[in-house]
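Each chain, written out:
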Amino acid sequence: MAEVFTVSQVNNYIKNLFTRDFLLNRICVAGEVSNCKYHSSGHIYFTLKDRGGAINCIMFASGRQRLLFKITDGQQIEATGQVAVYEKNGTYGLYVRECRLAGNGELYERFLKLKQELEDMGLFDSIYKKPVPRYCQKIGIVTALTGAAVRDIINVSKRRNPYCELVLYPALVQGAGAAESVVRGIRALDAMGLDVIIVGRGGGSIEDLWAFNEEIVAKAVFDAETPIISAVGHETDFTITDFVADLRAPTPSAAAELATFEYDVLMQEIAYRRETLGRAAEHKLRMREAALTALEERLKRMSPEAVLDRYRQRLEAVRREMSHILSVRLEKTVSRRRELEASLRNAVGQALNDSRHRLSLLASILDGVSPLKRMSRGFGFVENEEGRAVVSVEDVSRNSELTVYVADGSILATVRDTERKHYEKN
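## Regarding the environment of K138
Structurally, K138 can be placed in strand β6 (residues 138-143). Relative accessible area serves as the criterion here: at 38%, K138 is assigned to the partly exposed category. Linking K138 and E383, residues 245 residues apart in sequence, is a C-alpha distance of 160 Å. With sequence-adjacent residues up to four places away left out, K138 is seen in contact with E165, L194, D195 and V196.

## Overview of the sheet that holds strand β9 (residues 228-232)
The sheet built from five strands is open, its strands ordered β7-β6-β8-β9-β10 with parallel pairing. The outermost strands of the open sheet, each flanked by one partner alone, are β7 (165-170) and β10 (247-248). Bridge analysis of β9 against β10 gives two bridges, and the strand direction is parallel. Each residue of the ladder has a partner; that of S230, found in β10, is R248.

## Brief notes about the packing of aromatic side chains
By the definition in use, this model includes six aromatic pairs. A ring pair is formed by F124 and F243, whose centres lie 5.5 Å apart and whose planes are at 35°; its orientation type is tilted. Remark: F243 occurs in helix α8 (residues 240-244) and F124 occurs in the loop between α4 (105-121) and β6; sequence separation between them is 119 residues. A relative accessible area of 16% means that F124 is categorised as buried. Between the aromatic rings of Y128 and F222, the centroid separation amounts to 5.3 Å while the plane-to-plane angle is 75°, which identifies the pairing as edge-to-face. Placement of Y128 in the loop between α4 and β6 and of F222 in helix α7 (residues 215-223) is noted, with a sequence separation of 94 residues between them.

## Re the side chain of T239
Positionally, T239 belongs in the loop between β9 and α8. In this view, T239 contacts F111, L209, F212, N213 and V232; residues no more than four positions away in its chain are not counted.

## Some words on the sheet that holds strand β3 (residues 54-59)
Reading around the barrel, the five strands line up as β1-β2-β3-β5-β4 and close back on themselves, with mixed pairing between neighbours. Taking the axes of each pair of neighbouring strands and ignoring which way they run, one obtains an average angle of 55° across the sheet. Bridge count between strand β4 (residues 76-86) and strand β5 (residues 91-101): ten bridges; the pairing is antiparallel. Paired with E78 across the two strands is R100, which belongs to β5. Contacts from helix α1 (residues 7-20) reach β4 and β5 within the one sheet, and its direction differs from that of β4 by about 135°.

## Some details on the packing of helix α6 (residues 178-190) against α7
Where α6 meets α7, the closest approach of the two axes is 9 Å, and the angle between their N-to-C directions is 10°. The orientation of α6 relative to α7 falls into the category roughly parallel. Judged by residue contacts, A179, E180, V182, V183 and I186 of α6 engage I216, V217, A220 and V221 from α7.

## Details of α7
The α-helix winds at 3.6 residues per turn, so residues separated by three or four positions along the chain end up facing the same way. When α7 is considered as a whole, its buried residues turn out to be V217, A218, A220 and V221. The buried residues of α7 occupy an angular sector of 160° when the element is viewed end-on, so they sit on one face.

## Focus on the pattern of salt bridges
Taken as a whole and assessed by the stated rule, the structure comprises 18 salt bridges. Two residues, E119 and K115, come together in a salt bridge whose shortest N-O distance is 3.8 Å. Here E119 pairs with K115, and both are found in helix α4, just four residues apart, close to one helical turn. Under the relative-accessibility criterion, K115 is labelled partly exposed at 21%. Between E275 and R279 there is a salt bridge, with the nearest N and O atoms lying 2.8 Å from each other. In this pair, E275 and R279 both sit in helix α10 (residues 263-302), four residues apart, roughly one turn of the helix. For R279, a relative accessible area of 44% puts it in the partly exposed group. Where salt bridges share partners, they join R159, R160, E257 and E262 into one cluster.

## Section: the pairing of strand β12 (residues 401-406)
A regular strand places its side chains so that they alternate between the two faces of the sheet. For strand β11 (residues 381-383) and β12, the ladder comprises three bridges, and the chain directions are antiparallel. Of the residues in β12, the one forming a bridge with E383 is T403. Two strands pair when backbone bridges link them, and β12 and strand β13 (residues 409-414) are joined in this way by six bridges, in the antiparallel orientation. Opposite V404, over in β13, you have I411 as the bridge partner. Two successive antiparallel strands, β12 and β13, enclose a turn made up of two residues.

What counts, and at which threshold
- Residues numbered from 1 in each chain as written.
- Predicted model: local features only at pLDDT ≥ 70, side-chain atom pairs only at ≥ 80, totals over all residues.
- Heavy atoms only, no water.
- Helix = DSSP H or I, 4+ residues; strand = E, 2+ residues; numbered from the N terminus.
- Buried < 20%, exposed > 50% of the residue type's maximum accessible area, 1.4 Å probe, protein only.
- Contact = heavy atoms within 4.5 Å.
- Pairing = 2+ DSSP bridges.
- Phe/Tyr/Trp six-rings, centres within 6.5 Å; stacked < 30°, edge-to-face > 60°.
- Axes fitted to C-alpha atoms, helices over the stretch in contact; angles between N-to-C directions.
- Parallel < 35°, antiparallel > 145°, perpendicular 65-115°, else oblique.
- Arc of directions from axis to C-beta.
- Salt bridge = Lys/Arg side-chain N within 4 Å of Asp/Glu carboxyl O.

What follows is the structure in structure tokens.
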């Protein structure tokens, strides 16, 4: 009976076969990438395939750090590594240590490497980007003497501003010596004090555009004092010059659009601003005139003559008011005096009438008790020696002399004797 092996033993045996195979320990496999996945662990899992088959691949995180591009589905790459067996499930795969793009991959790797170096040096930093003037009058062009690029730049520039000055430096833009020719053009135009320089060419393959990926061109663009617009290839093409330049244009025509201003639009804007400025100046003048008039009126109101006139007016108003008040008060006083006089006259007349009536009454009463009237009826008035009226026998003494007044004279008499009598009072 044949010897029986476990699955693990079989897988281990096959693994050892792969390990002892020199070709499989370092092999380069070309194919198309599919099912690419970047794992959170840092490993990259993907499949390499061609028309006849496929092989699973893995690049560990340590190898990924040396990778100069991002692996994506559809890329044609060349992966170098070791074909080995994974014992747990008995599958084999390519453990990739290095990876590069196939075809133009080598040039692209050089591009990525230089791009990273220049970026680390700070040549792409925005703080070094110079602004392109809004109104450029002198525009330099570094490109081939013939070709669509220069024609497009000239046509667009003249259409937008027929008065701008274009200075062309005919340079090689492809092949041997192209990078050096572009550098000479940049330096020559930079020394002329132009407003802006356009550096570029039409589209092409990565080999055709390679002059604009050279380090000497990138440093020449960076060192230039004049703002530089990069216009290399089509919109999807990117070169090192694009990253270093102060401004990137997707095409040479777009670069001309960015470098020039529309003369007609500028004239319209100037006319509009002139009109707006005129209206603003006129409005401001009217406002100033109104303010001046207001100040003049205020000055007139605040002048000593105006102040004195206002005081005169106020004094006259006070005088009229006081005169009116005094007149009213005087009228009230006179009226009151008249009322009092009438009241007094009435009171005096009434009092006089009352006094007359009372006097008449008293006179009649007095007349009724008058001594003279009584004396005319036989009565007399008696005074003692001292001139006092004698009303009692006690007022006289024997032999005292008395004076008796009667109606027609007086009588001197001597008291012979006195006698007291009592009379009833009526």
